[in-house]
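Each chain, written out:
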Amino acid sequence: MPLTKELINDALSGVSHPEGGDLVSRNCILNIAICSTDASVRICYTQGNPDQKQPDRNTLSNMGKFIEQLIRATAKSEGVENLGLIIDFVDHAGQVVLKLKSDTPQNKDHAKPTEQPPQGTPQNSAAAGVPGVKHIIAVGAGKGGVGKSTVAINLAIGLARKGHAVGVLDGDIYGPSLPTMLGLGALDQAVIESTLQPFLVHGIKSITMGKLVDPEKPLIWRGPMAHGAFHQLIERTQWGELDYLIVDLPPGTGDVPLTLAQSVKLTGAVIVCTPQKVAQDDAVRASKMFESLGVDVLGVVENMSYFIGDDGKEYDIFGKGGAQKMAQRLALPFLGSIPINTALRQNMDNGNPPKNFDPKTAGGNQLPAALEQLTDQLIAQVTLASMNKNNQAPTLSIS
Ligand code: ADP
């Protein structure tokens, strides 16, 4: 029998918690990931009790060694001799307090504590994925209002229309637009045994902060708080098996989008931009942010590219092609452009994005064709990015 998450979970239920009970019964195990002979475990001792004091580094290190022994014994009994193991102890905000790592088969010593890089250091490749999810794609923008959420949702619908299992995570915690754009208004967030159940509408799964907070109250987040909330959304959601999880990031390149982009292992990022020079400048900054995190930019989307009037003429309002030129300048793939389209705005306001794919409800064939092309380009870029990654030295990937 192969080593499984369940077996590791069973082993961890044998580790007592300083406040009583064990790590599993106190929901301290946030994540377990396994890929052949590699495993990673994410543990939060203060889970559900932020007032509880974190054990000091020494105590955590000793606990880590004990946990490591248990996991290794379990692995050995399943025939896995040289387990690559990462144990992350995190605080209630999701920040790593101590990382124990013995990740090469040659290194048969106990997992050793590694120094944490200072905040802001690129570490996306070291971030954990989401079990069962093949590709996580962040959609970001240098500026708000350029159509980032619109693109994220339409890409998700486009992928689902091609038969993929798709989820969307509304990480735009300042102004979640998913409830409106997917028409989640009357639906309540279902929680089963402290796991969030994603909404299933229009053939895609979705989860949003907008359904967990009071829509009338402004959301004020600082980096660590946002990081914690984002992690809860990702890790506490029962996504099931997904081909693609599209994450709609908050706009900009500030603290919050940066921490969020860092905190989950991404296949890559899509940057949404309007053609104007000011939007391009911000998109360049967004692309640099992803680059500094070691995240592949899968491509640039030019939104609100041009407008087609009732007279059938094309009106170049913002300077069509500006984002495409910017992509070329930065040697980034260009995924395509979306025109300004009244039907698109209405369909999004009415929470019915699949209508954007039907010429009868999309103001003609132009928008559906543009969205189909975007989706195809994205799939092609994901395939390329995965091939490039597979050619590199093997790293821990999440099953
Ligand atoms: P962001 O996520 O960048 O803040 P949104 O996706 O929320 O932007 O879009 C802002 C508004 O612009 C929404 O009302 C949306 O329906 C509208 N919009 C976005 N793209 C287009 C477009 N190509 N044509 C018409 N309206 C659009």
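Residues numbered from 1 in each chain as written. Predicted model: local features only at pLDDT ≥ 70, side-chain atom pairs only at ≥ 80, totals over all residues. Heavy atoms only, no water.

Check the secondary structure of the protein chain and you find 10 helices and 16 strands. Relative to its 399 residues, the protein chain shows a buried fraction of 51%. Summarising the internal contacts of the protein chain: among those between residues at least 6 apart in sequence, 70% fall at separations of at least 24. Per element, the accessible surface of the protein chain, about 17,700 Å² overall, is 52% carbon and sulfur. (Helix = DSSP H or I, 4+ residues; strand = E, 2+ residues; numbered from the N terminus. Buried < 20%, exposed > 50% of the residue type's maximum accessible area, 1.4 Å probe, protein only. Contact = heavy atoms within 4.5 Å. Areas by Shrake-Rupley, 256 points an atom, 1.4 Å probe, with all protein chains shown as cover.)

Our focus in this paragraph is the pairing of strand S14 (residues 297-308). Of all 12 residues that make up S14, nine are buried, and the element is covered over most of its length. By the bridge criterion, five bridges tie strand S13 (residues 268-273) to S14 in an arrangement that is parallel. If you follow Cys273 over to S14, its bridge partner there is Glu302. Direction of pairing for S14 relative to strand S16 (residues 334-340): parallel, over a ladder of five bridges. Residue pairing for S16: Val300 is matched across the bridge by Phe334. Strand direction decides the pairing type here: S14 and strand S15 (residues 314-315), joined by two bridges, are antiparallel. Across the sheet, Ile308 pairs through a bridge with Glu314, a residue of S15. (Pairing = 2+ DSSP bridges.)

Within the secondary structure, Asp248 is located in strand S12 (residues 242-248). Under the relative-accessibility criterion, Asp248 is labelled buried at 2%. There is a polar contact of 2.7 Å between the side chain of Asp248 and the side chain of Lys148. Discounting residues that sit within four places of it in the chain, Asp248 has contacts with Val139, Lys148, Ser149, Ala152, Leu169, Asp170, Gly171 and Asp172. (Polar contact = N/O pair within 3.5 Å; in protein donor to acceptor, adjacent residues only side chain to side chain.)

Coordinates in, geometry out; function isn't part of it.
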